Amino acid sequence: TEAILNKVDLSNDTILEPAAGEGHIVKVLKEHYPHNEITANDLIERDSRFGISVNGNIDFLAYNPNHKFDTIITNPPFSLAQQFIEKALTLANHYVIIFAKIQLLEGNDRRQMFDKSPPKFVYVFSKRVNPLRNGEELDEKGKPWASTMCFAWFLWEIGYTGDTVVKWI
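Attention here is on the structure that accompanies the text.

1. A short note on the environment of aspartate 109
Alright, step 1. Residue position: aspartate 109 is located in helix H4 (residues 108-116).
Alright, step 2. Its relative accessible area of 54% is what places aspartate 109 among the exposed residues.
Alright, step 3. Placed 27 residues apart in sequence, aspartate 109 and glutamine 82 show a C-alpha to C-alpha distance of 8.6 Å.

Right under this line is the structure:
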């Protein structure tokens, strides 16, 4: 999350994290933007180890708030990434920011989505990122999780229609 927040200024934005889990992304957002209105929702109701209030039992794909958010930022379930992006694009005024595998770029259906609504930037991690598993940084033996997957932050700026620019972080 730090990596993308160094690339975009959300200081005046209302922010929604619709798949907040235990609040890992929200924790970093609150550190960077302590005065922003940040809403954290998740399908599953659970406690946050960070003392962050996460609204549980909220299915983002069926979510119909009475207002839009300036920015929606999340790490959605990969199998639902396209649906999350399409929904987020209808609820955001400024940015949609998605953490996902670079493989998000593959697929005919997603290609059509990218043609219709191109991200402005894809920020590819130049070093492997070891994502958390079940909210944990370490496995049962105390070792960091290993990953052979390439991840990126995908950033849509609402109204942008140009070509997608790939950058490295």
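2. Describing the sheet that holds strand E3 (residues 69-74)
Alright, step 1. With respect to topology, seven strands assemble into an open sheet ordered E2-E1-E3-E4-E6-E5-E7, the strand pairing being mixed. The open sheet is flanked by strand E2 (38-40) and strand E7 (165-168), the only strands paired with a single partner. Across this sheet, the average inter-strand angle for adjacent strands is 20 degrees, counted without regard to direction.
Alright, step 2. Here helix H2 (residues 24-32) sits on the sheet and contacts strand E1 (15-17), E2, E3 and strand E6 (151-157); the angle it forms with E2, its principal contact strand, is near 170 degrees.

3. Section: the environment of serine 79
Alright, step 1. Note on placement: serine 79 falls in the loop between E3 and helix H3 (81-91).
Alright, step 2. When the C-alpha atoms of serine 79 and leucine 104 are compared, they prove to be 9.8 Å apart, with 25 residues separating the residues in sequence.

4. What about the nonpolar core?
The tendency in soluble globular proteins is for nonpolar side chains to be buried side by side.
Alright, step 1. Judged by nonpolar contacts, the single largest core of 25 residues is most densely connected at Ile4, Leu10, Leu29, Ile73, Ile97 and Trp153.
Alright, step 2. Looking at this core, the element that brings in the most residues is H2, giving four residues.
Alright, step 3. Leu16, Phe69, Ala81 and Ala92 belong to the second largest nonpolar core, which has 24 residues in total.

5. Concerning the packing of H3 against H4
The angle between the axes and the distance between the axes are what describe a pair of packed helices.
Alright, step 1. Taken N-terminus to C-terminus, the directions of H3 and H4 make an angle of 20 degrees; their axes are 11 Å apart at the nearest point. Comparing their axes, H4 and H3 come out roughly parallel. Pair H3 / H4 crosses with left-handed handedness. Along the contact surface, H3 presents Gln82, Ile85 and Glu86, while H4 presents Asp109, Arg110 and Met113.
Alright, step 2. Within the contact of H3 with H4, the residues separate by chemical class into two nonpolar, one polar and three charged.

6. So, the packing of aromatic side chains
Alright, step 1. For the structure on display, the rule yields eight aromatic pairs.
Alright, step 2. Aromatic pair phenylalanine 60 and tyrosine 63: ring centres 6.5 Å apart, planes at 40 degrees, arrangement tilted.
Alright, step 3. Classification of phenylalanine 60 as buried rests on a relative accessible area of 3%.
Alright, step 4. Tyrosine 63 gets classed as buried once you look at its relative accessible area, which sits at 16%.
Alright, step 5. Between phenylalanine 60 and phenylalanine 84 the ring centres are 5.1 Å apart and the planes differ by 35 degrees, which places this aromatic pair in the tilted class. Here phenylalanine 60 is found in the loop between E2 and E3, whereas its partner phenylalanine 84 is found in helix H3, with 24 residues between them in sequence.
Alright, step 6. An aromatic cluster is present here, built from Phe99, Phe125, Phe151 and Trp153 joined pairwise through their rings.
Alright, step 7. Here lysine 101 stacks its cationic end above the ring of phenylalanine 78, 4.1 Å away from the centre of that ring.

7. A short note on the pattern of salt bridges
Alright, step 1. What the rule picks out here adds up to five salt bridges.
Alright, step 2. Put simply, arginine 46 and aspartate 42 hold a salt bridge, and the shortest N to O gap is 2.9 Å.
Alright, step 3. Given the relative accessible area of 34%, arginine 46 is considered partly exposed.
Alright, step 4. Owing to a relative accessible area of 7%, aspartate 42 belongs among the buried residues under this scheme.
Alright, step 5. Between lysine 120 and glutamate 157 there is a salt bridge, with the nearest N and O atoms lying 3.3 Å from each other. In this pair, lysine 120 sits in the loop between H4 and strand E5 (121-124) while glutamate 157 sits in strand E6, placing the two residues 37 residues apart along the sequence.

Conventions adopted
Residues numbered from 1 in each chain as written. Predicted model: local features only at pLDDT ≥ 70, side-chain atom pairs only at ≥ 80, totals over all residues. Heavy atoms only, no water. Helix = DSSP H or I, 4+ residues; strand = E, 2+ residues; numbered from the N terminus. Buried < 20%, exposed > 50% of the residue type's maximum accessible area, 1.4 Å probe, protein only. Pairing = 2+ DSSP bridges. Axes fitted to C-alpha atoms, helices over the stretch in contact; angles between N-to-C directions. Contact = heavy atoms within 4.5 Å. Core = buried A, V, L, I, M, F, W, Y, C linked by side-chain atoms within 4.5 Å. Parallel < 35°, antiparallel > 145°, perpendicular 65-115°, else oblique. Left-handed = near helix turned anticlockwise from the far one by under 90°. Nonpolar A, V, L, I, M, F, W, Y, C, P; charged D, E, K, R; others polar. Phe/Tyr/Trp six-rings, centres within 6.5 Å; stacked < 30°, edge-to-face > 60°. Lys NZ or Arg CZ within 6 Å of the ring centre and 35° of its normal. Salt bridge = Lys/Arg side-chain N within 4 Å of Asp/Glu carboxyl O.

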